[in-house]
Amino acid sequence: MLPAPTPPCTHAENAMPLSLRVLVLGGTTEASNLCRILSTTWPTCHAVLSLAGATSQPHLPDMTTRIGGFGGVAGLTNWLHDHAMDAVVDATHPFATQMSQHAAIACATAHLPLLRLERPGWTATPQDTWFMVPSIAEAARTLARSGRWNSTPQSVFLTTGRKETRPFLTAPQHQYLFRSIEPPCPADLPPHTHVICARGPFDLAAELKLMRKHRITVLVTKNSGGTATYAKLEAARMLDVPVLMVARPTTQGTPHAKDAAAALAWLHQCTASTLRAV
C-alpha cells in the first residue's frame, strides 16, 4: 500500500519503471491514452481499465478490462483491497460526479493515492455567445422560461448525453436535434425530437452542414472539453448560434493531471514514493 504521493516532479518520467498495480476508471480519450502508454511502455505496471458499461461497443485497449459498476463505495473499496491495487487514476468523464465521489471516499478508506485525470474545459472566445448555466435542469428551464428563446419556437441542437434529456420535457414547444452515441429512451424525449446516433470526433464541415440543414438556433451542451466534439462550438460561432453551456461540477481536492503524460509522471512518482518508504 502506498503513501499519498507528492505532486509529480518534472523528471518523474525518467524514473526507473517499477512494479505497480493501478486501477484506471475510464470512459474518456484521456483514459484510453494513458492505458495505451502503460501497456506499451511500462511492462511491470499491471493496469486494469474499468468502464461503467454505458456504451454497448466501447473502444477497448489491449489490456485487462472490467465493465460494470462496483456496487457503490463499499464495493469499490473491497475490490481495491481484493485486487491489491497500489493507486487509482480517475479518468472518468468530467460530469461523472458520482463515480469520482465514490473513488475519493474509497481511496481515502483504503489509504490509496488517487489522481484525477481530466482534460481542461472549453473557454469562450470573444466571437462566441455563451450563456453559462449550472446544470442540465437549468438549461431546460432557460429554454422553457427565458423570453429570449421561449417567445418563439427554437431549433435546438441538444448534445447533453442520452441519460439527460428528460428535463427538456418542460420545454416541449421547441424542435430538437438530439445526438449521442447510444439512443435515448423515447419516453424521455420532448415531442418534436429528431435523434442522431453518432460517435465523434466530428469535423467542422460536417457540423456546419448539419446545423444548417436543421436550421439550428441554439446549441445546448456540457463543458466537456477536448477536441472530439469541439467542432460544434466552432460551427455555432461561425453561424452566430448562441450556446447554452452547462458548467462543470465543482472539483474535489483530489490532485489533478490534464493529460496522460502528466498522469504517467504521477504514477512514476508513486513508485518512487514506495521505494523511499522501503
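These figures come from a predicted structure and were not determined experimentally.

The rules behind these values
Residues numbered from 1 in each chain as written. Predicted model: local features only at pLDDT ≥ 70, side-chain atom pairs only at ≥ 80, totals over all residues. Heavy atoms only, no water. Helix = DSSP H or I, 4+ residues; strand = E, 2+ residues; numbered from the N terminus. Contact = heavy atoms within 4.5 Å. Core = buried A, V, L, I, M, F, W, Y, C linked by side-chain atoms within 4.5 Å. Buried < 20%, exposed > 50% of the residue type's maximum accessible area, 1.4 Å probe, protein only. Pairing = 2+ DSSP bridges. Axes fitted to C-alpha atoms, helices over the stretch in contact; angles between N-to-C directions. Parallel < 35°, antiparallel > 145°, perpendicular 65-115°, else oblique. Left-handed = near helix turned anticlockwise from the far one by under 90°. Nonpolar A, V, L, I, M, F, W, Y, C, P; charged D, E, K, R; others polar.

Q: Give a description of the environment of Ser146 that names residues and reports values.
A: As for its placement among the helices and strands, Ser146 is situated in the loop between α4 (136–145) and α5 (147–150). When sequence neighbours within four positions are dropped, the list of residues in contact with Ser146 reads Arg141 and Ser151.

Q: If you had to explain the nonpolar core to someone new, which residues and values would you point to?
A: Counting residues in each nonpolar core, the largest one holds 25 residues, and the members touching the most others are Val22, Val24, Leu34, Leu38, Val89 and Leu267. Of all the secondary structure elements, the ones that give two or more residues to this core are β1 (20–25), α1 (29–41), β2 (45–51), β4 (87–90), β5 (114–117) and α8 (260–277). In terms of residue count, α8 provides more of this core than any other element does, six residues in total. Residues within four places of Leu34 in sequence aside, it is in contact with Val24, Val89, Leu117, Ala260, Ala263, Leu264 and Leu267. One finds Val133, Leu143, Ala144 and Phe168 within the second-largest nonpolar core, a separate group that totals 18 residues.

Q: Could you give an account of the sheet that holds β4, with specific residues and numbers?
A: Strand order in the open sheet made by the six strands is β3-β2-β1-β4-β5-β12, with parallel pairing throughout. The two strands at the open ends of the sheet, each matched to only one other strand, are β3 (64–67) and β12 (256–257). Taken together, the two bridges between β5 and β12 define a ladder with parallel strand orientation. Bridging from a neighbouring strand, Arg116 pairs with His256 of β12. Sheet strands in contact with helix α2 (residues 72–82) are β1, β2, β3 and β4, and its direction is about 155° off that of β1. Sheet contacts for helix α3 (residues 97–110): β1, β4 and β5; angle to β5, the most-contacted strand, approximately 160°.

Q: I'd love a proper account of the sheet that holds strand β7 (residues 155–159), names of residues and values included.
A: Sheet architecture is open: six strands sit in the order β6-β11-β10-β7-β8-β9, paired in parallel fashion. Of all strands in the sheet, those with a lone pairing partner are β6 (130–133) and β9 (193–197), marking the two edges. When the angles between neighbouring strand axes are averaged without regard to direction, this sheet yields 20°. Two elements, β7 and strand β8 (residues 175–180), share four bridges in a ladder whose sense is parallel. Among the inter-strand pairings, Phe157 is bridged to a residue of β8, identified as Leu177. Docked against the sheet, α4 engages β6, β7, β8, β10 (218–222) and β11 (243–246), running at close to 155° with respect to β11. Running at roughly 155° to β8, helix α6 (residues 204–213) makes contact with β7, β8 and β9 of the sheet.

Q: I'd like a description of the packing of α2 against α3, backed by residues and values.
A: α3 packs onto α2 with a crossing angle of 50° between their chain directions and a minimal axis gap of 9 Å. Classified by the interaxial angle, the pair formed by α2 and α3 is oblique. Considering the relative orientation of α2 and α3, their crossing is right-handed. For the pair formed by α2 and α3, the contact residues are Gly72, Val73, Leu76, Thr77 and Leu80 on the first element and Met99, His102, Ala103, Ile105, Ala106, Cys107 and Thr109 on the second. Residue classes in the contact of α2 with α3 are distributed as eight nonpolar, four polar and no charged.

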